[in-house]
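Take a look at the letters that make up each chain.
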Amino acid sequence: MLDPRLWCRADDAHPPRAEASVPDRPHTDPPLALELLVHGVAGASPAELLGDPRTVRVTGDSTAAVFRRTEDADAEAHPERYAGLPVPEAYCWSRLTSGNGARALWLLLLPFMVANLAHWARPAAPTGPGADPAPRAVRTYGVLVRILALSLTVLLIAAACEVALDLAAWQCAGSATCTAAGSPLGFLAPEGGGWWSQPGRRLALGALVPTTLTGLLWYLSNRTWSAYESQPPPAGAADPDTASATAPALGRPGFWYGRRIVARLRAAHTAAGLLTVAVAVSAPTADHDRRTGAAAPALEALGWITQALLAAGAVTVAWVVCRRGRSEDRPDHRLDRAAVSLLPGAALALLAAVLLHACLPRPDWTSTGRLPGDFAFGVLMLGQGLCVLALAAVARHLYRRAPDPAAALRGLGGPAVAMLGCALGGVMTGGVAQRVADWLDGGATPGMAGAPLPGPPVLLSWQAAVLPPLLLVLAVLAAWFAVRAARARRGLAAAVADEYPGETPDTARSRRIAGARTAAALTDSAPWFVAAVSGVTLVLGAGALAGAWISGRVPGEAARGGPPLLEAAARAAQDAGSWLIGLGIALFAAWGRRAYRDPAARRTIGILWDVGTFWPRAAHPFAPPCYAERAVPDLTWRMAGWTGRTGGRLVISGHSQGSVLAAAAVWQLPPPARRRVALLTYGSPLARLYGRWFPAYFGPGPLAALHRDVDCWRNLWRATDPIGGPALPGPASPAVDRGPLADPLAYGRSTRHPLPAPILGHSDYQADPAFAAERAALLARLDTAARAAVPAQRPAVSKGPAASADPPGTAG
């Protein structure tokens, strides 16, 4: 066993303080020890974690709870039974992400989740004595991401308006093709002269669909906030009055409680959705009234008034979104009552006024062609592209101020992620409109000559046409990575047997081990794959926008009369892209449907969100909820409460994503409790994934600060693990990291291992003897620190505001 002094800091550097609370029982000798197990992304039952089918819930509810073996339920009353052994305890949080089938519908919120990730993927701001933390650049980065997130909400509702208002209420209901006798839309037929036959009234009826969608998004965001994210931190945890001037962001008291920003953004995005519906109805109505103004001047005046109010509402929404970001230095219990209450209500009232205005009699109004306002999709796409480029400029500025070689794409990870979010939003929303149009016009192709309906905006057809080239580029990239991996595998296989002295080389065995290591190493190439996809998407998107605006026709029609090969390629790309989008949407729907019936499918979908929804909803309030805002306070309360009551030692043991939750919870502990806690991580993505993609929060600086703040921390990793890796790469690594561990434990058959040892990769770290050895060393070190502790009076502290790497109100 390694000498614990090599990887735990000395006691005399940070002498422990006496606990403020009085324990329930006198301290025992040795003190009672607890191992708090936190599972990873795949989830695990209490019986699996504790290795015993008889378990009991100690605290918690049906969503997330702490369990023990039945025989350990009263461990605090009988500490003599556990001399030298920790009491095992498991925190199970998998139902936060995969508890029921309805959560499979979160797949439809994927673009919102990706946009929210872009907020957290910004480069780190400069820190240290005398460093300028660049608050203006950090604020600008946050504002740009929030604007991008708002544009995705507008895009989603605009797509719903395209389907319900343009394709259904305007084009289809105004055509004899869709309103023939016996058709469900027959009551809308203009020839019948019924009340609903006028275009304005049909638009008002169709507006109920996007309005309902907006209300559903508001409801889900409000309900999930109450269920997941309304968990205040324990009293005294990460006290802002005693926080270090350079405290990492995840150690701030308000980091996991952002009620104010979520409420503001929810109100603004709800208002934006309602105003989008209002604009979609008001634009064609006001356009008709202006063309016939002499006949109905009152209607024209009402149109001007409503459009002025809509413009004022849009400016107000933009101001609310841009004005304030997250405030993390203290738990933010306040609410901006005016914005939260008045903004959605005013937008709903304005929408009602627009619908009433559209329903006024206009006997001479007929619907022909596409609904006016097609250019809105192009403006949205152009604005998103410009915003991503501006975001990249700000990110590079921050990166140059504080270079981090480990950061993904040299600081451009956030803009690349934002570009992917915009692309997903465009494909998913435009794809729905494209498929609905294909369904409504029978066997014709939307936008082509001879089609009974004009179809959706031309830009959506161009977006579909660039999808096959994008997939071709992805296939080429995948093939290149595969060839590169095959070459690396051959090189590794030649040296694998040398790592197991005394073993007879086995070519097939060496290749399997080398293949596992090569596949795991592909994770390190992911940033460049994302960069390639984002760059190609940006170029193809710009080409699609230019083609749509210059030609004004769908790709197949724009290429008509050109070279035969070009014409055939354009038509094939348009048709294939449309079907590919339809296939993707069908797969999403089928996967969601399956999740209602298949627990395994629910768990698979839950794994996706375990990674993507760790972060609070700082940019998009309609993103899937942040489970960490429930899990981190749970763990913090449990550790602070147990160590305060018993005076015992605690090892929090986290695997995979559980190690990220464990580290975040340790950051939130008050100093007296933190000195009784050791951190054991294994298969941990702290540096390899989170440190690379989220350098401002898990980069070298914050992780080094975690090493200073925690009495003892050990991290186990394997070369065959595609997720876990060293937590502190570089000179500080031996102080925390132990690895790479041997995997498999045995190369071939022997008397000790008569059967082939499996390649464990990311799983079963507890099966390695190093796990038990490191856990015992951590407990021994905590025991030594407890025996050497001298009760000390807590010194007086300043009550002034604590400084931080990102000053108050500048967290983006």
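Predicted model only: the values in this text are computed from it and were never measured.

1. Concerning the confidence of the model for the protein chain
Within the protein chain, residue pLDDT values average 83, and 83% of them lie at 70 or more. pLDDT under 50 marks residues 239-243. Its contacts with residues more than four places away, or in other chains, come to 14 contacts. Within the model, the stretch residues 790-810 combines pLDDT values under 50 with 40 contacts to residues more than four positions away or in other chains.

2. Description of the packing of aromatic side chains
Centre-to-centre distance and the angle between the planes together describe a pair of aromatic rings. Per the counting criterion, the structure on display carries 24 aromatic pairs. Here the aromatic rings of Phe 614 and Tyr 690 are separated by 5.5 Å at their centres, their planes lie at 80 degrees, and the arrangement is edge-to-face. Of this pair, Phe 614 sits in the loop between helix H18 (599-612) and helix H19 (628-646) while Tyr 690 sits in helix H22 (residues 686-693); the two residues are 76 residues apart in sequence, bridging distant segments of the chain. For the residue pair Phe 614 and Tyr 690, the accessibility class agrees, reading buried in each case. Here Tyr 690 and Phe 698 contribute two aromatic rings whose centre-to-centre distance is 5.4 Å and whose plane-to-plane angle is 70 degrees, an arrangement assigned as edge-to-face.

3. Some thoughts on the environment of Trp 218
With respect to the helices and strands, the residue Trp 218 is situated in helix H6 (residues 208-229). Judged by relative accessible area, which is 36%, Trp 218 ranks as partly exposed. Residues Trp 218 and Arg 266, spaced 48 residues apart in sequence, show a C-alpha to C-alpha distance of 6.7 Å.

4. With respect to the side chain of Ser 656
Locating Ser 656 in the fold gives a position in the loop between strand E5 (649-655) and helix H20 (657-668). Here the side chain of Ser 656 touches His 762 through a polar contact of 2.9 Å, side chain to side chain. With residues up to four places along the chain from it excluded, the contact list for Ser 656 reads Gly 40, Val 41, Tyr 682, Gly 683, Ser 684, Pro 685, Ile 723 and His 762.

5. Quick notes on the pattern of salt bridges
Per the counting criterion, the structure on display carries 20 salt bridges. Salt-bridge contacts for Asp 575 lead to Arg 571; the nearest nitrogen and oxygen are separated by 3.1 Å. Note that Asp 575 and Arg 571 are positioned in helix H17 (residues 564-597) at a spacing of four residues, about one turn of the helix. Linking Asp 634 and Arg 630 is a salt bridge whose minimum nitrogen-to-oxygen distance equals 2.7 Å.

Basis of the calculations
- Residues numbered from 1 in each chain as written.
- Predicted model: local features only at pLDDT ≥ 70, side-chain atom pairs only at ≥ 80, totals over all residues.
- Heavy atoms only, no water.
- pLDDT = per-residue confidence, 0-100.
- Contact = heavy atoms within 4.5 Å.
- Phe/Tyr/Trp six-rings, centres within 6.5 Å; stacked < 30°, edge-to-face > 60°.
- Helix = DSSP H or I, 4+ residues; strand = E, 2+ residues; numbered from the N terminus.
- Buried < 20%, exposed > 50% of the residue type's maximum accessible area, 1.4 Å probe, protein only.
- Polar contact = N/O pair within 3.5 Å; in protein donor to acceptor, adjacent residues only side chain to side chain.
- Salt bridge = Lys/Arg side-chain N within 4 Å of Asp/Glu carboxyl O.

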